[in-house]
Amino acid sequence: MTGNGPGVSFDTPVKVCVRDLTVHYGDTKALDRVTLDIPANRVTALIGPSGCGKSTFLRCLNRMNDRVPGARIHGLVAMDGDDLYATHVDPVLLRRRVGMVFQKSNPFPKTIFDNVAFGPRVHGLRDAVRLREIVELSLQRAALWEEVVDRLDGSALELSGGQQQRLCIARALAVQPEVLLMDEPASALDPIATAKIEELIHELKLSYTIVIVTHNMQQAARVSDYTAYFYLGRLIEFGPTDRLFTAPTRPETEDYITGRFG
């Protein structure tokens, strides 16, 4: 099966349109003709066993697979109708529109302030007043401002794991992206920190389109509006999360969700 993204009705416009996306790493096919629509201002979760193509798909949305030697990408990935793989598209500018938060928090060995200000500075912003406004707003949106307001000049490496992950979210938000990609953002965190990240995701979808990879099906059920189940590089099933988890249409999906497989 090549996926059933189209045909699913959304209550918001389609933000990202993917058609027949196929990815090879050398001789290995990582994605096989994936077709999927991602709605704006909603959370779309990607689930499936390890090695099924979830992270490969995620990284196609901001062209991070461009950096992988031997990677070959075919098909269409478009955002608001713009082909993200067109020859005139600058991947650096694209990654400003499509931010990413990784599985392991990766704050820079800089101050908290400089971590968040890093992206705007890279893109040429030098005005100190504007930088501080962006840093404060980004930390507020990442639900971290109240915890760090008195130590912005302190090292980001002194924050707890959960705080570091929220700092990385703030850093991603500082360049004002339209889409936020999250690759297992809470897998290394304790339950309390995980709950904060999940609550934050609910708040952020009001302003951003979010795509999250998670191995935790309970987490997918809690945070997402739509869920896509991947297996062996193929999109097996896609639909509203509550429907997919309670009444999947594909037996492969039911086997995975009920624990009979994977």
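Residues numbered from 1 in each chain as written. Predicted model: local features only at pLDDT ≥ 70, side-chain atom pairs only at ≥ 80, totals over all residues. Heavy atoms only, no water.

Some remarks on the overall build of the protein chain
Consideration 1: Each helix and strand in the protein chain was counted, giving 10 helices and 10 strands.
Consideration 2: In terms of overall dimensions, the protein chain is globule-like: its C-alpha atoms have a radius of gyration of 18 Å, near the 18 Å expected for 262 residues.
Consideration 3: Dimensions of the protein chain, computed from the C-alpha atoms along their principal axes, are close to 55 × 45 × 35 Å.
Consideration 4: For the protein chain, the accessible surface area stands at approximately 11,700 Å², while carbon and sulfur atoms represent 51% of it.
Consideration 5: Between the centroid of the 30 positive side chains of the protein chain and the centroid of its 32 negative side chains there is a distance of 4 Å. (Helix = DSSP H or I, 4+ residues; strand = E, 2+ residues; numbered from the N terminus. Rg over C-alpha atoms; globule rule 2.2 N^0.38 Å. Areas by Shrake-Rupley, 256 points an atom, 1.4 Å probe, with all protein chains shown as cover. Lys, Arg positive; Asp, Glu negative; His and termini not counted. Charge placed at Lys NZ, Arg CZ, Asp CG, Glu CD.)

What about the environment of Leu61?
Consideration 1: Among the secondary structure elements, Leu61 is positioned in the loop between helix H1 (54–60) and strand E4 (71–79).
Consideration 2: Residue class for Leu61 comes out buried when judged on its relative accessible area of 3%.
Consideration 3: Sequence separation between Leu61 and Leu94 is 33 residues, and the spatial gap between their C-alpha atoms is 9.3 Å.
Consideration 4: Leave out the neighbours within four places in its chain, and Leu61 touches Val16, Val18, Ile38, Val77, Leu84, Leu94, Val98, Leu181 and Val211. (Buried < 20%, exposed > 50% of the residue type's maximum accessible area, 1.4 Å probe, protein only. Contact = heavy atoms within 4.5 Å.)

Points about the packing of aromatic side chains
Consideration 1: The final tally for this structure, using the stated rule, is six aromatic pairs.
Consideration 2: Arranged with centres 6.3 Å apart and planes meeting at 65 degrees, the rings of Phe10 and Phe238 form a pair that is edge-to-face. Note that Phe10 is positioned in the segment before strand E1 (14–25) and Phe238 in strand E10 (residues 234–240), a separation of 228 residues in sequence. Taken as a pair, Phe10 and Phe238 share a single burial class, namely buried. (Phe/Tyr/Trp six-rings, centres within 6.5 Å; stacked < 30°, edge-to-face > 60°.)

Quick word on the sheet that holds strand E2 (residues 28–39)
Strand pairing in a sheet takes place through backbone hydrogen bonds and is either antiparallel or parallel in direction.
Consideration 1: The four strands are arranged E2-E1-E4-E5 in an open sheet whose pairing can be described as antiparallel. Only two strands of the sheet have a single partner each, and these edge strands are E2 and strand E5 (82–83).
Consideration 2: Sheet analysis places E1 next to E4, joined by eight bridges and oriented antiparallel. Directly across from Cys17, in E4, lies its bridge partner Ala78. (Pairing = 2+ DSSP bridges.)

A few points about the side chain of Gln164
Consideration 1: When you line up the elements, Gln164 lands in helix H6 (residues 161–173).
Consideration 2: Within polar-contact distance, the side chain of Gln164 engages the backbone oxygen of Leu159 at 3.1 Å.
Consideration 3: Sequence-distant contacts of Gln164, defined by excluding residues within four places in its chain, comprise Ser105, Pro107, Ala156, Leu157 and Leu159. (Polar contact = N/O pair within 3.5 Å; in protein donor to acceptor, adjacent residues only side chain to side chain.)

Thoughts on unusual backbone geometry
Consideration 1: Non-glycine residue Arg33 carries a positive phi angle of around 50 degrees.
Consideration 2: Residue position: Arg33 is located in strand E2.
Consideration 3: A residue is classified by how much of its surface remains accessible, and Arg33, at 42% relative accessible area, is partly exposed.

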